[in-house]
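Tertiary structure, described
Residues per chain are reported as follows:
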Amino acid sequence: MAVVTTAALAVAAGVAAAVGFGGDEPGTATASNMPPANAQVSKQTLVDSETADGELGYGETRTVAARKAGTITSIAAAGSRVKRGKPLYSVDNQKVVLLYGGLPAYRTLRSGDSGEDVEQFEKNLSALGYDGFTVDDEYTSATAEAVREWQEDLGLDETGRVELGQVVYATGEVRVDSTEAEVGDAVQPGGGVLSYSGTSRVVTVSLDVDDQRLAKRGAKVTVTLPDGKEVAGTIAATETVIDTGDQQNGPETKIEVTVTAADPKALAGFDSASVDVAFTAAERENVLTVPVAALLALAEGGYGVEVIEGDATRIVAVQTGLFASGRVEVTGDGLVEGATVGMPK
């Protein structure tokens, strides 16, 4: 069984008009001149696929900005990993620690406060082993007491309050991608300190909007590494982004695809690299196919093929399916594998 792997072709590129056949209805035998060329109806598997350039790395990076003025007295090294409760950097010798959550810190937390951010912080405090309080959306005196213990262990001022800028939230463990400040640097609120990413290697591919059919979350792909090794992958996420371009090229909409490897260990040894990613948009097994160029546009609408039978031909109306590798899936009355069809000029 043949397997075809290429992107689908447009019908218009190969379809000819069904004229010059004596005006007969589909299915009627005619003694018209034989077509200049012919091809066989074949049964095969059609695959609409496309290969795109990808970048192996750690995915999207985010920048941590300082929330208060001071001097950087320590900072995590680029390439290092930071877990919950560990410091990312210090300002004036006060540690700024990583906690897990999707809601960014936006205020100082103290006794009497309530809200989703309180509950998020208390979940982290509990996960770090502190107790004596109820994990809920209320910041109570018991919470404040547990915070004092946490601050003491970190060497922070034991205020019982969680000052804005004392914690940074991320969805999980992070990898420091780069540092934008050094020990001894003065920082101001809003100034970048470091950038981080996730800790798992992923492949990022930027697709044109025309190729959106390829970007289906959960779809399987094949990643070819620089050493030629092929690794099975899955589309984990897709996002529409605006590429701002440059002075010569204006903004352009792109589909950014994130691919994860079925076996992450297969990516070991590659922190970053250019890779090839083979996407499959559709696949049809064991279907009848003809070359796209064999299709005829019928006067009454739709498409047909000219079936050659001995020294005569007849037009058979067909329903088209998947287009791939210059061939098209077809079904039609009496159309069978091995039949010969005409190829118009």
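That block above? That's the structure.
A short tour of the structure in this document, coming up. This structure is a prediction, so every number in the text was calculated from the model and none was measured. (Residues numbered from 1 in each chain as written. Predicted model: local features only at pLDDT ≥ 70, side-chain atom pairs only at ≥ 80, totals over all residues. Heavy atoms only, no water.)

A closer look at the pairing of strand β22 (residues 312-324)
When strand β21 (residues 303-309) meets β22, the two strands line up antiparallel, connected through 7 bridges. Considered in β22, the bridge of Gly 304 is made with Ala 317. Between β21 and the antiparallel strand that follows it, β22, lie 2 residues; Gly 310 among them carries a positive phi value of about 70 degrees. One ladder, built from 5 bridges, connects β22 with strand β23 (residues 327-332); its direction is antiparallel. Its bridge partner lying in β23, Val 318 is registered against Gly 332. (Pairing = 2+ DSSP bridges. Helix = DSSP H or I, 4+ residues; strand = E, 2+ residues; numbered from the N terminus.)

Examining the nonpolar core
Counting 25 residues, the largest nonpolar core has Leu 207, Val 257 and Phe 279 as the members making the most contacts within it. For this core, the secondary structure elements donating two or more residues are β5 (42-57), β15 (202-208), β16 (220-224), β17 (230-243), β18 (252-261) and β19 (273-291). For this core, the leading source of residues is β19, giving 5 residues. Once residues within four sequence positions are removed from consideration, Leu 207 is found in contact with Ala 52, Leu 214, Ala 215, Lys 254, Ile 255, Val 257 and Phe 279. (Core = buried A, V, L, I, M, F, W, Y, C linked by side-chain atoms within 4.5 Å. Buried < 20%, exposed > 50% of the residue type's maximum accessible area, 1.4 Å probe, protein only. Contact = heavy atoms within 4.5 Å.)

With respect to the sheet that holds strand β8 (residues 81-82)
Taking strand neighbours across the sheet as the criterion, the 4 strands line up as β6-β14-β12-β8 in an open arrangement whose pairing is antiparallel. The open sheet has two free edges, formed respectively by β6 (62-65) and β8, since each of these has just one partner strand. By the bridge criterion, 2 bridges tie β8 to strand β12 (residues 174-179) in an arrangement that is antiparallel. Paired with Arg 81 across the bridge in β12 is Arg 175.

Notes on the pattern of salt bridges
Taken as a whole and judged by the stated rule, the model has 11 salt bridges. Asp 117 is the partner of Arg 107 in a salt bridge, and the nearest nitrogen-oxygen pair spans 2.7 Å. Placement of the pair is Arg 107 in the loop between β10 (94-100) and α1 (116-127) and Asp 117 in helix α1, with a sequence separation of 10 residues. Among the residues examined, Asp 117 registers a relative accessible area of 6% and is labelled buried. Measuring nitrogen to oxygen at the nearest pair gives 2.5 Å for the salt bridge that ties Lys 254 to Asp 208. In this pair, Lys 254 is assigned in strand β18 and Asp 208 in strand β15, connecting sequence segments 46 residues apart. (Salt bridge = Lys/Arg side-chain N within 4 Å of Asp/Glu carboxyl O.)

Let's talk about the side chain of Arg 175
Here Arg 175 shows up in strand β12. Those residues in contact with Arg 175 that lie beyond four places of it in its chain are Tyr 58, Gly 79, Ser 80, Arg 81, Ser 195, Tyr 196, Ser 197, Gly 198, Thr 199 and Asp 271.

As for the packing of α1 against helix α2 (residues 141-154)
Direction vectors running N to C along α1 and α2 enclose 50 degrees, while the axes themselves pass 11 Å from each other. Between α1 and α2, the crossing angle belongs to the class labelled oblique. Like other packed secondary-structure pairs, α1 and α2 cross with a definite hand, here left-handed. Residue-level inspection shows Phe 121, Glu 122 and Leu 125 of α1 in contact with α2, the latter providing Thr 143, Ala 146, Val 147 and Trp 150. Its residues assigned to classes, the contact of α1 with α2 shows 5 nonpolar, 1 polar and 1 charged. (Axes fitted to C-alpha atoms, helices over the stretch in contact; angles between N-to-C directions. Parallel < 35°, antiparallel > 145°, perpendicular 65-115°, else oblique. Left-handed = near helix turned anticlockwise from the far one by under 90°. Nonpolar A, V, L, I, M, F, W, Y, C, P; charged D, E, K, R; others polar.)

Here we look at the side chain of Glu 122
Following the sequence through the fold, Glu 122 ends up in helix α1. Polar side-chain contacts of Glu 122 include one of 2.6 Å to the side chain of Thr 143. Ignoring sequence-local partners within four residues, the contact set of Glu 122 consists of Phe 133, Thr 134, Val 135, Asp 136, Glu 138, Tyr 139 and Thr 143. (Polar contact = N/O pair within 3.5 Å; in protein donor to acceptor, adjacent residues only side chain to side chain.)

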